[in-house]
Structures are given as structure tokens and as C-alpha cells.
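Residue strings, one per chain:
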Amino acid sequence: PKAFEKFEPSENDLSVALKFTQGDFELFAGGDLSGENLKTDYGGSYSDIESLVAARVGDVEVYKVNHHGSDHSTNACFARVLDPEVSIFTTGVNRYRHPAKRVFRTLSDRGDVRVTGGADDRALAEEPSIGNAVVRGDVEVVVAPTGAKYWVNGRYFRSKTTAQER
């Protein structure tokens, strides 16, 4: 993409992304994809890959949050287009402020949120409600064979049809 002309791609920008579809159910996992063009203080860079792929991904039921919910991920365009019913942050206890307050709030305003394994203490201090979303252990997503319904850690959800997503 043209973004690479100004911002050399990082390993994060080259993440493999996956969209899983079963009937009306869709799950997106984009690894460490970035959502902004930025040169960092330490010589690296981020490229806004999220905006490039958002339209191809479309509305999803479950979003495995990019880059552990870093402040460089899940930009406004991406969150609006994916409009997930459930977002799963894979963070664990860390020193990177994951998940970022902005990303957490954006996604919790759109639906249910789960955070695996913990969060950075500074992130918890900035956004105490992150603690309520922390799940000790794995987050299990089970999808019915038709894709019409699914469960996240035992909680029932109904998938939206394509017409409902529009």
C-alpha cells in the first residue's frame, strides 16, 4: 500500500489476518495489525493497515482485538465497520498499557468485552472497568453448526444476518 512509501512496514504491519465465517457468524483476528501511520521515538513505525482491510472484513460477531488493544490499534474506522458484538482482548499482565483505555471504551460501547489474563496496572488505573472484563483463563467461543447462534464462555448470542448487519 501507499502507506508503506512514507512509513516503512513493521513486523506488526505484516501480521496474518483471519476472518472465519460459519453461516451468519463471523470472527476476525488480525494479529498485531496497526490502525495509524506513525513513526515511533525508537526508530520503528506503524502503518494504518486496519483502514485498508476494514471494508473487506465487514461486520463481525466476534473480534479478537488487534495488537492486544494497544493505542495504535482499532482505529475509529475499523471499530465502526466491524461493529463487533463481542471483543476479546488477549493481554495478560503486561507493561505496555494494554489494553488502551480508548480501545477498551470504544469496543465496550459497541458490545461485550472480555480481557484474558489481566492488564497493565496503569491501564487498570486509567480505566477501572477493564478489571470487570478480565477473565482468568481462556475465552471459549462455540459456534452452532448453522452459525445462527454462538456462545462466549457460556453466554448465548444470536448472530446477525447480512440484512441486519446492513
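Structure: see above.
What counts, and at which threshold
Residues numbered from 1 in each chain as written. Predicted model: local features only at pLDDT ≥ 70, side-chain atom pairs only at ≥ 80, totals over all residues. Heavy atoms only, no water. Helix = DSSP H or I, 4+ residues; strand = E, 2+ residues; numbered from the N terminus. Rg over C-alpha atoms; globule rule 2.2 N^0.38 Å. Buried < 20%, exposed > 50% of the residue type's maximum accessible area, 1.4 Å probe, protein only. Contact = heavy atoms within 4.5 Å. Salt bridge = Lys/Arg side-chain N within 4 Å of Asp/Glu carboxyl O. Core = buried A, V, L, I, M, F, W, Y, C linked by side-chain atoms within 4.5 Å. Pairing = 2+ DSSP bridges. Axes fitted to C-alpha atoms, helices over the stretch in contact; angles between N-to-C directions.

Asks: I tried to follow the overall build of the protein on my own but got confused; where do I start?
Replies: Tallying secondary structure elements over the protein gives seven helices and eleven strands in all. Its C-alpha atoms give the protein a radius of gyration of 16 Å, within 12% of the compact-globule value 15 Å for 166 residues. C-alpha atoms of the protein, sized along the principal axes, occupy 45 × 35 × 20 Å. Scored against the burial criterion, the 166 residues of the protein give a buried share of 46%. Relative to all contacts within the protein whose residues are 6 or more apart in sequence, the contacts with residues 24 or more apart total 60%.

Asks: Would you mind showing me how to read the side chain of H67 here?
Replies: On the secondary structure map, H67 appears in the loop between β5 (62–64) and α3 (76–82). The exposure class of H67 is buried, given its relative accessible area of 9%. Excluding its chain neighbours within four sequence positions, the residues that come into contact with H67 are N12, G31, D32, L33, Y46, S73 and H98.

Asks: What exactly am I supposed to notice about the pattern of salt bridges here?
Replies: One side chain can pair with another of opposite charge once the charged atoms of both are near each other. A full pass over the atoms with the stated rule returns nine salt bridges. Between E85 and K160 there is a salt bridge, with its nearest N and O atoms 2.8 Å apart. Of this pair, E85 sits in the loop between α3 and β6 (86–90) while K160 sits in the loop between β11 (155–158) and α7 (162–165), placing them 75 residues apart in sequence. Given the relative accessible area of 23%, K160 is considered partly exposed. R155 is paired through a salt bridge with D112; the nearest N and O atoms lie 1.9 Å apart. Highlighted residues: R155 in strand β11 and D112 in strand β7 (residues 112–116), separated in sequence by 43 residues. Take R155: its relative accessible area is 43%, and that puts it in the partly exposed class.

Asks: For this particular structure, what's the right way to read the nonpolar core?
Replies: Most often, soluble globular proteins have nonpolar side chains that are buried together. Formed by 23 residues in total, the largest nonpolar core has its most connected members in F28, Y63, F89, L107 and V115. At the level of elements, α2 (50–57), α3, α4 (101–108), β7 and α6 (129–133) are the ones that each hand at least two residues to this core. Beyond its immediate stretch of four places on either side in the chain, F28 contacts A17, L18, K19, L33, V57, V60, V62, Y63, K64, N66, F78 and L82.

Asks: Sorry, what's going on with the sheet that holds strand β9 (residues 141–143) here?
Replies: In a beta sheet, neighbouring strands are held together by backbone hydrogen bonds and run either parallel or antiparallel to one another. Taken in spatial order, the three strands line up as β9-β10-β11 in an open sheet, and their pairing is antiparallel. Of all strands in the sheet, those with a lone pairing partner are β9 and β11, marking the two edges. Pairs of neighbouring strands in the sheet enclose a mean axial angle of 25°, with direction left out of account. Pairing of strand β10 (residues 149–152) with β11, which is carried by four bridges, proceeds in the antiparallel orientation. Bridge pairing in β11 places Y150 opposite F157.

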